Number of protein chains: 2
Amino acid sequence: MNNSPYKTSGTKTVYQNPWITVREDAIIHPDGKPGIYGVVESKDSVIVAAIDENNRVLLINNFSYVAQKWHWELPAGGTDGDDDFVTTSQRELAEETGVHAKTWHTLAITRVCDGLMTEKMAVLLATDLQQDETPSAYDSALIRDMKFARLDEVHAMIQSGEIDECQTLSALYLLERHLATNG
Amino acid sequence: MNNSPYKTSGTKTVYQNPWITVREDAIIHPDGKPGIYGVVESKDSVIVAAIDENNRVLLINNFSYVAQKWHWELPAGGTDGDDDFVTTSQRELAEETGVHAKTWHTLAITRVCDGLMTEKMAVLLATDLQQDETPSAYDSALIRDMKFARLDEVHAMIQSGEIDECQTLSALYLLERHLATNG
């Protein structure tokens, strides 16, 4: 049905941990040559654009283990068990920032890295915010600052490289498109 | 220097193919508990926003092996050997679309997925375009259509889900910011 130009002739799991499964497929390329394709399977995830009454978006200064650096991004995280995207978003926002939101709206379901990963990432808009609690102790160690930023401030942070990660960039773009269309 | 809240106590390679290396680090979490962190190392990559004299951007309808579906995205690919970002971009654009560009400008260096991958992705703006050659036979099998789209057409494709991949979304956001600032 999808008219795949590849054929898959086999598959095996080559690595697994609680968060990712790496599989290696045996494939036939479009030109007929045999080869392999490595695929990283991970749980679907969410990212949250939480905006206040002035359309300022909540950013966190978060530590990336992979990059070994601090950077500004949107609250995000993986789904857990059977949790749906809204439940996951509510939990991640509360754990990372202590903020609760009364209103939730799904802006889009995106794919994170289509050359390598199966992960889908839902982009959620959160409004009617309330600071209800303190972030979890674990998340506090990984998040050293948070702030609400206007879109023009976000643009300056992109320009300077302070915001440089594709999941956060994608969610900010979808937020900006939503605000342009819906005020 | 980075004030890492994690400690790394060991590392081992758990899977490798010509495109990715998966390593598993032994770590100490911020709360003092031991654990592991899986990291996917892949070559750095490029994505190309090629625009014509009317600021229409070149999209390709590309097959994703991982998602097993066709979708619209920007031309992109991994660096090869010691090739720099501009050389890689010129090669990928030509192979995938047959288009050459006289002028190249780096819009940003982004990170693809900072919870899991080391990959950096350069976002290149290509202008002064010329259709010089036909795409490579291999790429032709994986790309079934291409077109130039105005930004409002891009917005409609995002709204409909035809464009849904974070690397392409990020590059389009950076293109749109560039055009808003520089005409």
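Residues numbered from 1 in each chain as written. Chains lettered and ligands numbered in written order. Predicted model: local features only at pLDDT ≥ 70, side-chain atom pairs only at ≥ 80, totals over all residues. Heavy atoms only, no water.

(A) Structural view of the relation of the copies chain B and chain A. Superposition of chain B onto chain A requires a rotation of 180 degrees combined with a translation of 0.0 Å along the rotation axis, giving an RMSD of 0.0 Å. Between the two chains, the operation in question is that of a two-fold axis. By C-alpha distance to the rotation axis, the residue of chain B lying nearest is Ser170 of chain B, at 2.5 Å. Most of the interface of chain B is mirrored in chain A: 100% of its interface residues are interface residues there too. (Least-squares fit on C-alpha atoms with pLDDT ≥ 70 in both. Contact = heavy atoms within 4.5 Å.)

(B) Structural view of the pairing of strand S3 (residues 34-42) of chain A. All names here are of chain A. The pairing of strand S2 (residues 20-28) with S3 spans 9 bridges and is classified as antiparallel. Directly across from Val22, in S3, lies its bridge partner Val40. Taking the residues between adjacent antiparallel strands as the criterion, S2 and S3 are bridged by 5 residues, where Gly32 takes a positive phi near 90 degrees. (Pairing = 2+ DSSP bridges. Helix = DSSP H or I, 4+ residues; strand = E, 2+ residues; numbered from the N terminus.)

(C) The arrangement of the packing of helix H4 (residues 166-182) of chain A against helix H4 (residues 166-182) of chain B in detail. Remark: H4 of chain A packs on H4 of chain B, axes separated minimally by 8 Å, with the N-to-C direction vectors making an angle of 60 degrees. As far as their axial angle goes, H4 of chain B and H4 of chain A are oblique. The two elements H4 of chain A and H4 of chain B meet at a crossing, and its hand is left-handed. From H4 of chain A, Cys166, Leu169, Ser170, Leu172, Tyr173, Glu176 and Arg177 of chain A reach across to H4 of chain B, where they touch Cys166, Leu169, Ser170, Leu172, Tyr173, Glu176 and Arg177 of chain B. (Axes fitted to C-alpha atoms, helices over the stretch in contact; angles between N-to-C directions. Parallel < 35°, antiparallel > 145°, perpendicular 65-115°, else oblique. Left-handed = near helix turned anticlockwise from the far one by under 90°.)

(D) Local environment of the sheet that holds strand S1 (residues 7-16) of chain A. Residues and elements named next belong to chain A. One open sheet accounts for 3 strands, arranged S1-S2-S3; its pairing is antiparallel. Of all strands in the sheet, those with a lone pairing partner are S1 and S3, marking the two edges. Here the average twist between neighbouring strands, direction ignored, is 25 degrees. In terms of strand pairing, S1 meets S2 through 8 bridges, oriented antiparallel. Following the sheet pairing, Thr11 is matched in S2 by Asp25.

(E) How the structure looks around unusual backbone geometry. Of note in the backbone geometry, Asn55 of chain A takes a positive phi value of approximately 60 degrees without being a glycine. Since its relative accessible area comes to 29%, Asn55 of chain A is described here as partly exposed. Non-glycine residue Asp128 of chain B carries a positive phi angle of around 60 degrees. Within the element layout of this structure, Asp128 of chain B appears in strand S9 (residues 120-131). (Buried < 20%, exposed > 50% of the residue type's maximum accessible area, 1.4 Å probe, protein only.)

(F) Highlighting the pattern of salt bridges. Inspection of every chain in the model, using the stated rule, returns 24 salt bridges over all chains. Ionic pairing is found between Arg177 of chain A and Glu176 of chain B, a salt bridge with its closest N-O pair at 4.0 Å. With one member in each of two chains, Arg177 of chain A in helix H4 and Glu176 of chain B in helix H4 form a pair that bridges those chains. A residue is classified by how much of its surface remains accessible, and Arg177 of chain A, at 22% relative accessible area, is partly exposed. A relative accessible area of 16% means that Glu176 of chain B is categorised as buried. For Arg91 of chain B, the salt bridge goes to Glu92 of chain B, with nearest N and O atoms at 3.9 Å. Among the residues examined, Glu92 of chain B registers a relative accessible area of 11% and is labelled buried. Salt bridges sharing partners connect three or more residues here, namely Lys69 and Asp164 of chain A together with Arg111 and Asp114 of chain B. (Salt bridge = Lys/Arg side-chain N within 4 Å of Asp/Glu carboxyl O.)

(G) View of the sheet that holds strand S5 (residues 57-64) of chain A. Residue and element names in this part refer to chain A. Taken in spatial order, the 3 strands make up an open sheet running S6-S5-S10, and their pairing is antiparallel. Taken across any chain shown, the strands that pair with only one partner, and hence form the sheet edges, are strand S6 (69-73) and strand S10 (143-149). This sheet shows a mean twist of 20 degrees between the axes of neighbouring strands, independent of strand direction. Sheet topology places S5 next to S10; 6 bridges connect them, and they run antiparallel. Residue Leu59 lies in a different strand from S10, and its bridge partner there is Lys147. Lying on the sheet, helix H1 (residues 85-97) is in contact with S5 and S10; it crosses S5 at an angle near 75 degrees.

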